[in-house]
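Structural characterization, general
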2 protein chains.
Amino acid sequence: VRKQWNTISILGVGLIGGSIGAAICQRKIAKKVVGIGRSAARLRQAKKIGAVTSTTTQLERGVAEADLVIVCTPSDQVAEHVLRVSQVCAPNTLITDAGSVKGKIVSQVERTIGSKACFIGSHPLAGSEKTGCQYSDADLLVDRVVVVTPMRRTDQRQLAEIEKFWHLLGAQVIQMTPAAHDRTLATTSHLPHVVASALAAATPAHDLPCTATGWRDTTRIAAGDAELWRQILLGNRSHVLKSLDRFEKVLNSIRQAIEQDHGGQLRKTLATGKKIRDLVAD
Amino acid sequence: VRKQWNTISILGVGLIGGSIGAAICQRKIAKKVVGIGRSAARLRQAKKIGAVTSTTTQLERGVAEADLVIVCTPSDQVAEHVLRVSQVCAPNTLITDAGSVKGKIVSQVERTIGSKACFIGSHPLAGSEKTGCQYSDADLLVDRVVVVTPMRRTDQRQLAEIEKFWHLLGAQVIQMTPAAHDRTLATTSHLPHVVASALAAATPAHDLPCTATGWRDTTRIAAGDAELWRQILLGNRSHVLKSLDRFEKVLNSIRQAIEQDHGGQLRKTLATGKKIRDLVAD
């Protein structure tokens, strides 16, 4: 598997696309990094901060020489963009993405993509409540996890190439089916967003002077872009609702313990939460 | 109001008591800082890290020369400890505390304390999911808020002394009634703890490898001590339950929007959460 690529193209140079581009440039993983997007101003900024080496607003030109294309557009647009890339790229081009929901994307791509291009879904488990390539971070993926979701017909050599690419950016790679990914991320990413948003939305503005690090940590991701998260939550509806069921069951047991002044039961549930949280680093 | 005290005694040298002591020592706010506690080993450690200048396991000796006593023991014990301090300290000694629930403490103290000592409740809105004076931080209160809860019969000059003390530690001071404090903190501190604990407890351990900064931020405070939080949540039951009602109402509106695939409603609630969160710094 290759340690260097000639040309990698990134479609969508926001926080994730910009961070991946900056990491490729800093680590010299590709000779050329082409940023593709609709906004010439945003592309200029991406080039200025060193996230890409050249830019274009024309998809066809942007992917013409690419060995690897990474689609970093919002969740709802990924499948369509992968399809469009596959129609104009060279036959040996690999395509991956950074979408947060995989079942919908992979099945749409599987239905529509020709056999001429190879798509393997990826989801880097890193990000920020911030948006825009001005917040790019070349180390965003260092020690993070990237989930890759190969399909039945995925070529093992091409899968190894994609996995190697993420390793070169400093990430660990986990293989999952699209369904297992969506089920797991509903619990570890999408549900926390729902909970953080609800907590922030349930806080009257006049109480904010009495918030401290606890409220701030617990609600931080609520500052994420509402439209991006609408797409993610609706794109993974059934799994998110199941995770929400499980959360509400635990929440209800805490409510009952408080209502009934039942210290033993309350402490037990708090201790369970602590035990799980203590399994993970800061 | 004084800028320096002769002797300040701290009852309970955990993370909060240790941090307050370390700040007093570093900022030279008192000539002597006496640590009082049950465990000689813990007191030795507090002295070693510079959180106190002397130690004792005997309450009466510990408060004999104190101009100010700060009770930093767990919530459920504060009222009793304030009472005990008031029975043995000099007539002009000020007493405050660092308890997270104020209504219960202040009314218990009001019922039992004699007129010989002055108690004014305080709640520094700072802390950590960690416990123990090894995690003390002399800057824990810098730019934080301390809520003080004067009673009807509180002497204004003594209130000014207590407020000045917290200012000297770098904090801002907000005056509230005990009831207003408990109502507000139910929303800004106690509810977030319930939500973070429930979220952590609802996460299967096998899903943890797929957690990233979102889950980690949102659940961080769930690592807090279960017994301390049992005391806080049950000590502020009615306000916590009201805050939980409000949270569940918002959560339910998100659930309905996801169930009904209602993108407009979902985005609206997410945007409300973002708007509130954006009012507060990182």
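These notes cover the structure that comes with them. Computed from a predicted structure; not experimentally measured.

The next thing to look at is the nonpolar core. Counting residues in hydrophobic clusters, the biggest one holds 50 residues, and the most contacted among them are F247(A) and F247(B). Put simply, the parts of the chain that give this core at least two residues each are α7 (178–201), α9 (226–235), α10 (237–259) and α11 (263–278) of chain A together with α7 (178–201), α9 (226–235), α10 (237–259) and α11 (263–278) of chain B. Contact partners of F247(A), with chain neighbours within four places excluded, come to L191(A), V195(A), V195(B), A198(B), L199(B), A202(B), F247(B) and L251(B).

Turning next to unusual backbone geometry. All names here are of chain B. Positive phi values are uncommon outside glycine, yet D143 reaches one of about 65 degrees. A residue is classified by how much of its surface remains accessible, and D143, at 62% relative accessible area, is exposed. Of note in the backbone geometry, D261 takes a positive phi value of approximately 55 degrees without being a glycine. Along the polypeptide, D261 turns up in the loop between α10 and α11. Residue classification places D261 among the partly exposed positions, given a relative accessible area of 43%.

Tallying the contact residues gives 85 residues for chain B and 84 residues for chain A. Roughly 7,600 Å² is buried in total at the junction of chain B and chain A, and carbon and sulfur atoms are behind 69% of that figure. Of all residues in chain B, C210(B), R255(B) and R277(B) bury the most surface against chain A, accounting for 9% of the area lost on that side. Put simply, chain B and chain A have ten salt bridges between them. With a closest N to O distance of 2.8 Å, R267(A) and E227(B) form a salt bridge. Taken together, the connections running from chain B to chain A amount to 24 residue pairs in polar contact (both at pLDDT 80 or more).

Cut-offs and rules
- Residues numbered from 1 in each chain as written.
- Chains lettered and ligands numbered in written order.
- Predicted model: local features only at pLDDT ≥ 70, side-chain atom pairs only at ≥ 80, totals over all residues.
- Heavy atoms only, no water.
- Core = buried A, V, L, I, M, F, W, Y, C linked by side-chain atoms within 4.5 Å.
- Buried < 20%, exposed > 50% of the residue type's maximum accessible area, 1.4 Å probe, protein only.
- Helix = DSSP H or I, 4+ residues; strand = E, 2+ residues; numbered from the N terminus.
- Contact = heavy atoms within 4.5 Å.
- Buried area = accessible area lost by both parts, 1.4 Å probe.
- Salt bridge = Lys/Arg side-chain N within 4 Å of Asp/Glu carboxyl O.
- Polar contact = N/O pair within 3.5 Å; in protein donor to acceptor, adjacent residues only side chain to side chain.

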